[in-house]
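Per-entry structural report
These are the residues of each chain, in order.
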Amino acid sequence: LSDRDNILKSSESIHKSATQLLQVADEQLERNRAYQSGVKFNERKYLESVVVPQGVSLDWPTESRRVTSKFGDTINRDSAHSGLDIDAKVPGDNDDIMASEKGEVIRVSSDTRSGNYVCIKHSEKVTTYYMHLQSVNVKKGQKVSKGEVIGTMGSTGHSDGVHLHFEVRIDN
C-alpha cells in the first residue's frame, strides 16, 4: 500500500475508535446523571427497567427502544429536556404505550405543549408522565397494572412527529 493509502486506513480506524469512545462516554455521562438523581440504569444500551427510590421498578413503556432525545439534551431547545423521547418501532406508527409500573391514574388531560397526556402515581414520591398521545385508554382514578396499555403514541401538542415523551418525576 502507498503512504496515502496507509494514512487513509489509519484515519478511518482512528475515526471509528473515536466514535466508539464518544458513545461510551455519552452512556457513562447518562449513567452518572441518573446516579446523581437516584435513578439506576442497567448496563444495556437502552433501558429495560429503572429502579427509582421507594423500591419502584419501572419497565420501558413501549416496544420500541429508539430514543430520539435524551434527558438533559439542549439541542434545539431553550432549556434541558425533561424526559426521554421515544420513536415508534416503525417511524410514524402509533405504537401502544404501556404503564411502566402499577399505579393510579391521577391526571388525563391535554394542552398545547404536551398534547394528550396521562400521569400515573406509582408511590408517594414517584410519578410518570406519557405525553403526545394519539389516543388515551384510561381515566382519572383508574388503577392500572404494569404493562397495561394506557394509550397510543402520537404527535399531539408541541411535537415534530409521532413519538412518546416519557418522564419520571421523583418528589423529595
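Scroll up to find the structure this text is about.
All of the points below concern the structure found in this document. The shown structure was predicted, so the numbers you read here are calculated from the model rather than taken from an experiment.

Quick word on the overall build of the chain
What the chain contains, in helices and strands, is one helix and twelve strands. A burial count over the chain gives 33% of its 172 residues as buried. Taking all contacts inside the chain whose residues are at least 6 apart in sequence as the whole, residues at least 24 apart take part in 53%.

What to know about unusual backbone geometry
For H132, which is not glycine, the phi dihedral falls at a positive 70 degrees. Examined against the element boundaries, H132 turns out to sit in strand β8 (residues 126-133). What makes H132 buried here is its relative accessible area of 5%.

Observations regarding the pattern of salt bridges
Considering all chains together, one arrives at six salt bridges under this definition. Here K89 makes a salt bridge to E63, at a shortest N to O gap of 3.4 Å. Of this pair, K89 sits in the loop between β4 (84-87) and β5 (96-98) while E63 sits in the loop between β2 (56-59) and β3 (67-69); the two residues are 26 residues apart in sequence, bridging distant segments of the chain. Note on accessibility: K89 and E63 belong to one class, exposed. Here K146 and E101 are joined by a salt bridge, their closest N and O atoms 3.7 Å apart.

Some points on the nonpolar core
Counting 18 residues, the largest nonpolar core has I97, V118, I120, Y130, V144, I150 and L164 as its most contacted members. Elements supplying a minimum of two residues to this core: β4, β7 (115-121), β8 and β12 (163-170).

Topic: the pairing of strand β11 (residues 149-152)
In the sheet, β5 pairs with β11 via three bridges, with the strands oriented antiparallel. Looking across to β11, one finds that I97 is bridged to G151.

About the criteria used
- Residues numbered from 1 in each chain as written.
- Predicted model: local features only at pLDDT ≥ 70, side-chain atom pairs only at ≥ 80, totals over all residues.
- Heavy atoms only, no water.
- Helix = DSSP H or I, 4+ residues; strand = E, 2+ residues; numbered from the N terminus.
- Buried < 20%, exposed > 50% of the residue type's maximum accessible area, 1.4 Å probe, protein only.
- Contact = heavy atoms within 4.5 Å.
- Salt bridge = Lys/Arg side-chain N within 4 Å of Asp/Glu carboxyl O.
- Core = buried A, V, L, I, M, F, W, Y, C linked by side-chain atoms within 4.5 Å.
- Pairing = 2+ DSSP bridges.

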